[in-house]
Amino acid sequence: MSGRSNGILKAAKARLAAWLAIGFRPVPVGRTEWFLMRLFFAPVALHDFWDFHPFAYEKQPIPVGVAKVFDLTWLHEPWAYPAFVVLAILGLISYVVGRGLVVSLPLLTILHTLMRTYENSQGSIHHSHHMITLVLLAQAAVVVTFKIKEWRTGKAIEFSHGLSLRSFLLYYTQATVAATYVIAGLSKTLNSKLLWVWNSPYIAFDFVKAQRQKYYKMLEPEYAGQTEAAEWVLAHPMLARVGFGGAFFLELLALVALKNRPWAFWTGLALIALHRGIFLIMHLRFYNSELVLLIFFLNLPYWIWRFTAGREKSLGGQVSA
C-alpha cells in the first residue's frame, strides 16, 4: 500500500511539474475580440462615473489613501461632478475607439481613484468599486510602459508568437483582478493565524449582522425575520467548513486563471458563483466584480466564436487556446 501511495504521489508531482512547465504567459488576442471587451467594459465604468454620491460629501473626516496627502473636498464643488462625467465620457470614447490610450487610460484611472477615495474617506470603507479602478490602473500601466519603451528605442515594439499589445492588456488585467482574490485569501490566513477554515462557522454572526443592516437601511420586512443561513451554519459546522473552505482556496488559487483561456473561463465562472452565493446569503452586491469577471475572464464572444466558427482563427486575428 505504501509503494502504491508513493507511486500515486510521484505521478501527481510529475503531472503538476508538467503543468507548471508550460508556464503562465499571454495568449494571442484578436482585434475584434479586444474591441468587444472594451465595448462591454466602457458602460460598466461609465455607470460608476455617473454616480453622484461621491461628490455629495462636504468633508473627508477620516481620509484614506491619497486623501491623506491631498485635500479632496473640492470634489463637492458644483462643477466637479459634471466635469468628471464629461471627462469620463471623452476618456471612454477614446478607450473604445482604441486611440490616445496613453492619455485616456491614466486620466480615467486618476479620476476614478479620486472620486472613490473621497467616498471612502467618510468613515465607512467599502470595496464595491475598486475593481473598476484596478482594471483601469492595470491597462494604463501596460500602455504607458510599452509607450515609454517605444520612446526609448525609437521604434515600435516587435511582438513574437502571435502576441500583441492586446495580449498583454488582457493578461495583466486578469492578473490584477485575480490578485485581489489572492490578497483576500492571504488576509484571512494571516488575520486568523491559519485558522480561518476551522473558524469559518463563526461567519454565521456576520450573516445576521448583514441582514440586520439591510433591514435598518431599507426597512423591508423580509430582512427582519430569522436568518436561516446562519442557523444552518451553526447547526452543521463541519459541512460549513467544507463549503467555506472551498471558497477560501478558490480565492488563494485565483491566479491559475492566467494559465490559459479555459482556466480563465472556469476560474471566472467559479468566482462569479462565489459572489452570487454571498449575495444570496448576506445580500452584499458585487456587480462590478461580477461584470469584470464576465468580460475579461469568461470572454463569451470568444467561446461562442470558438464553437461555431472554428479553432484556428480568432476574432480578427490568430488565437491559441
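The preceding data block contains the structure.
Overview of the structure. (Residues numbered from 1 in each chain as written. Predicted model: local features only at pLDDT ≥ 70, side-chain atom pairs only at ≥ 80, totals over all residues. Heavy atoms only, no water.)

A few words now on the side chain of S94. You can see S94 is positioned in helix 3 (residues 80–97). Excluding residues that lie within four positions of it along the chain, S94 makes contacts with R99, G100, L101 and S104. (Helix = DSSP H or I, 4+ residues; strand = E, 2+ residues; numbered from the N terminus. Contact = heavy atoms within 4.5 Å.)

Let's shift gears to the packing of aromatic side chains. Under the defined criterion, the tally for this structure stands at 18 aromatic pairs. An angle of 35° between the planes, with centres 5.8 Å apart, marks the rings of F159 and F168 as tilted. Among the aromatic residues, those joined into a cluster by ring pairs are F265, W266, Y302, W303, W305 and F307. The ring of W198 has R241 sitting right over it, with the charged end atom 3.7 Å from the ring centre. It is R261 that lies over the ring of Y302; its NZ or CZ is 4.0 Å from the centre. (Phe/Tyr/Trp six-rings, centres within 6.5 Å; stacked < 30°, edge-to-face > 60°. Lys NZ or Arg CZ within 6 Å of the ring centre and 35° of its normal.)

Its volume calculated, the second largest pocket comes out at about 590 Å³. Per-class residue counts for the lining of the second largest pocket are twelve nonpolar, two polar and six charged. (1 Å grid on protein atoms, 1.4 Å probe; cavity = no way out; pocket = protein on both sides within 12 Å on 5 of 7 lines; lining within 4 Å. Points joined across faces, edges and corners; volume = space filled by probe spheres on them. Nonpolar A, V, L, I, M, F, W, Y, C, P; charged D, E, K, R; others polar.)

Tracing the backbone through its elements, the reader meets V144 in helix 5 (residues 130–153). In this structure the C-alpha to C-alpha distance between V144 and V103, which are 41 residues apart in sequence, comes to 8.7 Å. Those residues in contact with V144 that lie beyond four places of it in its chain are V102 and P106.

Quick look at empty space enclosed by the protein now. Overall, the coordinates contain one cavity of 30 Å³ or more when judged by the stated rule. Here the largest cavity is characterised by a volume of approximately 140 Å³. Taken together, 20 residues make up the lining of the largest cavity; nearest its centre are V27, L170, Q174, N260 and R261. Sorting the residues of the lining of the largest cavity by element identifies helix 6 (165–191), helix 11 (261–282), helix 12 (287–298) and helix 13 (300–306) as the ones contributing at least two each.

What follows covers unusual backbone geometry. One non-glycine residue, L194, lies in the positive phi region at around 70°. Position of L194 relative to the elements: it lies in the loop between helix 6 and helix 7 (196–199). If you check the backbone angles, N299 has positive phi at about 50° while not being a glycine. Take N299: its relative accessible area is 5%, and that puts it in the buried class. (Buried < 20%, exposed > 50% of the residue type's maximum accessible area, 1.4 Å probe, protein only.)

Right, let's get into the nonpolar core. In this structure, W34, F41, Y95, V177, V292, F296 and F297 are the most contacted members of the largest nonpolar core, which totals 59 residues. Taken together, the elements giving at least two residues each to this core come down to helix 2 (31–49), helix 3, helix 4 (101–120), helix 5, helix 6, helix 11, helix 12 and helix 13. It is helix 5 that contributes the most residues to this core, eight residues altogether. For F41, the residues in contact, after removing those within four places along its chain, are Y95, I132, V135, L136, V292, I295 and F296. W196, I203, V233 and A240 belong to the second-largest nonpolar core, a separate cluster that totals ten residues. (Core = buried A, V, L, I, M, F, W, Y, C linked by side-chain atoms within 4.5 Å.)

The next subject is helix 6. With 27 residues, helix 6 ought to run about 39 Å at 1.5 Å a step, and its terminal C-alpha atoms sit 39 Å apart, in line with that. Backbone geometry just after helix 6 places K193 at a positive phi near 55°. (Expected span 1.5 Å × (residues − 1).)

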